[in-house]
Amino acid sequence: MTKAPFVAMAATTAALGTALGSLALQLRADGYEQYVESVGTFSVLMYVTAALVVVTWVRDGRPHAN
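Residue positions are given per chain, counting from 1 as you read along its sequence in written order. Note on the predicted model: pLDDT of at least 70 is required for a residue's local features to be given, and 80 or more for side-chain atom pairs to be given and counted; whole-chain, interface and lining totals, by contrast, use all residues. Excluding hydrogens and water, the side-chain values take into account all heavy atoms of the structure.

Caption draft 1: Region of interest: the packing of aromatic side chains. Aromatic pairing here means that ring centres of Phe, Tyr or Trp (its six-membered ring) are within 6.5 Å. Orientation follows from the plane angle: under 30 degrees is stacked, over 60 is edge-to-face, and everything else is tilted. One pass over the structure, following the stated rule, counts 1 aromatic pair. Their ring planes at 40 degrees and their centres at 6.4 Å tell us that Y32 and Y35 sit as a pair that is tilted. Each residue gets one of three labels from its accessible area relative to the maximum for its type: buried under 20%, exposed over 50%, partly exposed in between, using a 1.4 Å probe on protein chains only. Look at Y32 and you get partly exposed, because its relative accessible area is 43%. For Y35, a relative accessible area of 43% corresponds to the partly exposed category.

Caption draft 2: Representation of the nonpolar core within the structure. With 6 residues, the main nonpolar core is built from L20, A24, L27, V36, V39 and M46. Helix and strand definitions follow DSSP, with helices as H or I runs of at least four residues and strands as E runs of at least two, each counted in order from the N terminus. For this core, the secondary-structure elements that each account for two or more residues are helix 1 (4-30) and helix 2 (33-61). The criterion used for residue contact is that any of the two residues' heavy atoms lie within 4.5 Å. Setting aside residues no more than four positions away along its own chain, A24 makes contact with V36, V39 and G40. We define the nonpolar core as a collection of buried residues of types Ala, Val, Leu, Ile, Met, Phe, Trp, Tyr and Cys that are connected through side-chain atoms lying within 4.5 Å of one another.

Caption draft 3: Examining helix 1 more closely. Between its terminal C-alpha atoms helix 1 stretches 39 Å, which fits the 39 Å expected from 27 residues at 1.5 Å a residue. Buried within helix 1 are the following residues: F6, A10, T13, G17, L20, A24 and L27. Looking one or two residues beyond helix 1, the residue adopting positive phi is G31, at roughly 95 degrees. A helix's residues, less one, multiplied by 1.5 Å, set its expected span.

Caption draft 4: Quick look at the pattern of salt bridges. We define a salt bridge as a contact between a side-chain nitrogen of Lys or Arg and a carboxyl oxygen of Asp or Glu at a distance within 4 Å. Under the defined criterion, the tally for this structure stands at 1 salt bridge. Among the salt bridges present, the one from R28 reaches E33, with a minimum N-O distance of 3.7 Å. Take E33: its relative accessible area is 44%, and that puts it in the partly exposed class.

Caption draft 5: A look at the UniProt feature "transmembrane region" (unreviewed entry) in the protein. UniProt positions are given in the numbering used here, feature names are shortened, and annotations may be inferred rather than shown by experiment. The positions that UniProt labels "transmembrane region" (unreviewed entry) are, in the present scheme, residues 39-58. Counted over residues 39-58, helix gives 100% and strand 0%. Its end C-alpha atoms are 29 Å apart.

Caption draft 6: Up close: helix 2. Here helix 2 spans 43 Å end to end across 29 residues, near enough to the 42 Å set by a 1.5 Å rise per residue. Restricting attention to buried positions, one finds in helix 2 the residues V36, V39, S43, M46, A50 and V53. Where helix 2 is buried, its residues touch helix 1.

Listed below in C-alpha cells is the structure:
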C-alpha cells in the first residue's frame, strides 16, 4: 500500500482536531458552555484517530512474515 493515503488521512484528522479545539475555546469564550464538552471530546477523538492512522502506517511499512 502506498504511503500517501496514510499521510493525507493523518494530516486531515489532526487538522480537524485542531479546528475543533479552537472552536471549543471560542465557544467557552462566548459563553456556550453546554457545547464545549462535546466539541472538546470530538477534538480529542480526532487526535486519537490521527495517532491510530500513524500507527497503522508504521505497521504497514514493516516486512510481513509468511
